[in-house]
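Read off the chains here:
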Amino acid sequence: MKVLGIMLLLLIVVILSSQPGITEDFDDRTSFICWEEKCLAKISLDSVNTVNAPTFHSVESCRLTCGKHGNLLPLPTIANLGKKLVQIDLSNMKLLAGGSPEVKAYLRSIFEIFRQNLKTECGGNAISPSNMSVYVVINVHDKEVKLDRHTNESYKLAVTQEPGRVYVTIYAETAFGARHALETLSQLTSRVNYDNSCSIYIISANIEDKPVFKHRGILIDTSRHFIPVRDLERTLGAMAANKLNVLHWHATDSHSFPLLLSKIPLLARLGAYSGNETYTESDIKHLVEYAKLRGIRILMEIDSPAHASNGWQFGNKAAMGNLVLCRNHHPWEEACMQPPCGQLNPANPNVYNVLGLIYKNLQELIPTDDMFHMGGDEVAYSCWEGSSEVKDYMLTKGYALNDSGFKALWAEFHNRALKAWDNAIGHSNTKIILWTSDLTDPNNIGTYLDKDRFIIEAWTSQTDPVPHRLLKMGYEVIYASVDAWYLDHGFNGGQSHSWKDVYDNRIPRVPKVLGGEAALWSEIVDSNNLDTRLWPRAAALAERLWSNPNSPPEDATYRLMETRNRLIRRGVQVSEILPEWCYLNEGRC
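Residue indices begin from 1 for each chain and proceed along its sequence in written order. In keeping with the predicted nature of the model, local features appear solely for residues at pLDDT of at least 70, side-chain atom pairs appear and are counted solely at 80 or more, and the whole-chain, interface and lining totals rest on all residues. In computing side-chain values, all of the structure's heavy atoms are included and hydrogens and water are not.

A. Fine view of helix α12 (residues 403-425). Across its 23 residues, α12 extends 33 Å between first and last C-alpha, which sits within 8% of the 33 Å expected from 1.5 Å per residue. Note on exposure labels: buried denotes an accessible area under 20% of the residue type's maximum, exposed denotes more than 50%, and partly exposed covers the range between, all computed with a 1.4 Å probe on protein chains only. Numbering of helices and strands runs from the N terminus, with a helix taken as a DSSP run of H or I at least four residues long and a strand as a DSSP run of E at least two residues long. Burial analysis of α12 places 17 of its 23 residues in the buried class, which makes it a mostly covered element. Backbone nitrogen of serine 404 and a side-chain oxygen of the N-cap are separated by 3.1 Å at the start of α12; the cap is asparagine 402. Remark: glycine 426 follows α12 within two positions and exhibits a positive phi of approximately 85°. To estimate how far a helix should extend, the number of its residues minus one is multiplied by 1.5 Å. Side-chain atoms alone can form a polar contact between residues adjacent in sequence; in general such a contact is a pair of N or O atoms within 3.5 Å, and within protein one must be able to donate a hydrogen while the other accepts it.

B. Seen up close, the sheet that holds strand β1 (residues 32-35). For two strands to count as paired, DSSP must find a minimum of two bridges between them. Read from one edge of the open sheet, 3 strands run β2-β1-β3, paired in antiparallel fashion. Each edge of the open sheet carries a strand with a single partner, namely β2 (38-41) and β3 (55-56). In this sheet, β3 lies alongside β1 in antiparallel orientation, the contact comprising 2 bridges. Each residue of the ladder has a partner; that of isoleucine 33, found in β3, is threonine 55.

C. Summary view of the pattern of salt bridges. We count a salt bridge whenever a side-chain nitrogen from Lys or Arg sits within 4 Å of a carboxyl oxygen from Asp or Glu. Evaluation of the coordinates by the stated rule reveals 26 salt bridges. The residue glutamate 586 makes a salt bridge to arginine 63 at a minimum N-O spacing of 3.3 Å. Here glutamate 586 is found in the segment after α19 (580-584), whereas its partner arginine 63 is found in helix α3 (residues 59-65), with 523 residues between them in sequence. Taken individually, glutamate 586 and arginine 63 each receive the classification buried, so the pair is uniform in this respect. Ionic pairing is found between glutamate 364 and lysine 263, a salt bridge with its closest N-O pair at 3.6 Å. Separated by 101 residues along the polypeptide, glutamate 364 in helix α9 (residues 349-365) and lysine 263 in the loop between β15 (246-252) and α7 (266-271) bring together distant segments of the chain. For lysine 263, a relative accessible area of 33% translates into the label partly exposed. One connected set of salt bridges, linked through shared partners, spans Glu60, Glu121, Arg179, Glu183, Arg191, Arg569 and Arg570.

D. Fine view of the nonpolar core. Put simply, buried Ala, Val, Leu, Ile, Met, Phe, Trp, Tyr and Cys residues joined by side-chain atoms within 4.5 Å make one nonpolar core. Ranked by size, the top nonpolar core spans 113 residues in total, and within it Trp249, Leu259, Trp312, Leu355, Ile358, Tyr359 and Trp535 carry the most contacts. The dominant element in this core, judged by the number of residues it contributes, is α12, at 12 residues. If we ignore the near neighbours within four places in the chain, the residues touching tryptophan 312 are Phe257, Leu267, Leu323, Val324, Leu344, Val354, Leu355 and Ile358. Val86, Leu118, Ala181 and Leu182 belong to the second-largest nonpolar core, a separate cluster that totals 45 residues. The contact rule is simple, with two residues in contact once any of their heavy atoms fall within 4.5 Å.

Such coordinate-based values are descriptive only and should not be taken to indicate function.
What follows is the structure, given as structure tokens:
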């Protein structure tokens, strides 16, 4: 009986496998329909009448045409998308660029990056030929290619389909607006892979777009762990895909000084973890240009006067006196907020001379006329209080040896560092960014720091009134909300913040608010987990800062999923946010 049962089961399998509907059902696994403006796997819809529903061979193609916003993220200001997919071939795509010679050279470069991204997204498969010609016409008004916090990033994009050809017309005030337009254009394409070939499709569209906030950034810390150049490149590429425009490079801290600067090389020779864990001047120049081609500027931070230690110990041997105090002090709790300890010596004039050399060197590598970050948080008075040199200096200045006196000393440090910056670069037009601290508290800041020179980056909670009070006092503010946009939290203490937490954090839309940043401190981050800590949460930040929609996070879920897949196709490791079945069956989870 047992043998007979097995034979009967095998017979049933053979009969079923020979029926005409079985192969067709299997193909349904790769077929998707647009039903009630949602994309659903055809195989999951036995109980739904889908006779008249459009069918697609990939969920990406389905979402491109199904619903109002397709796969666009961040949401554009105004977008009207077509419904017809036409196949294109990158070899039949031509650029017609208008503008100054400098602009044209930039446009040719970003066009090649755009085409390479589309090619990369095909996963190495041969791109299926198409007779459809694509003409990309770009006109840019501004004759320069200069990216700063005042740069106009708006653009207009139109994609029209005609028999045998597709016209893409882009108009932008600046080359960077045109770059963003090409990034949007890439989101108007989809792929279908079959038998080691990749077919690329595009839809028609009319889009007018500009960002709500000028400053849309990610902070990367390269002091706690060294982050290799290739990883920073990959991060810049992912930022560009989401129209983030500032890489806040927290390059140095008390842990290490990895910048190998020709004007003061001892800082890296004594402060880097090893000779292989430094950024040369060539590396820095390369990253600046790499970022610029992706619409991103690098905002360098040299943290001071606290968070400075290893690398600064050469002062006495160089006849410059004590440049740093409390270096690697043990136990650390006595002299700093976090190990290893170290604070610059505000009483030593050579500290400002060395800072001036750093600033001049960096200005040659990263032309920065508008903004520079000097850190400025978590000063431990106990470190300075333990130095007779500092206390004697305070007495000569008339500063009391108490909290008030140490605040005055702290403010003097920043104003002398500002003077060193101005002297190094030859003008006084740069805005200096400082973190929120006791010194920048609204009850103190007006006494010490000029609102016309200092911008405050607020790492306060979402409900903290400090940023609002600073805005009322006339200070410009950048938000880095600690309870939403600190992406190391949950792994290094504190509560983890999901992409929905990131998306839900809304900042005031007023002129003095420059924008915001997601901060990834690297105490427990290195090359192996950099991507997954950043993405896709930083993409949620990108939409919040670009278009700042009033809609809830749920409205962005499937667009964020398509952004995730796009980043993965481009070589970025991105954390998952949904079970795959839910991704393939929108609105059913």
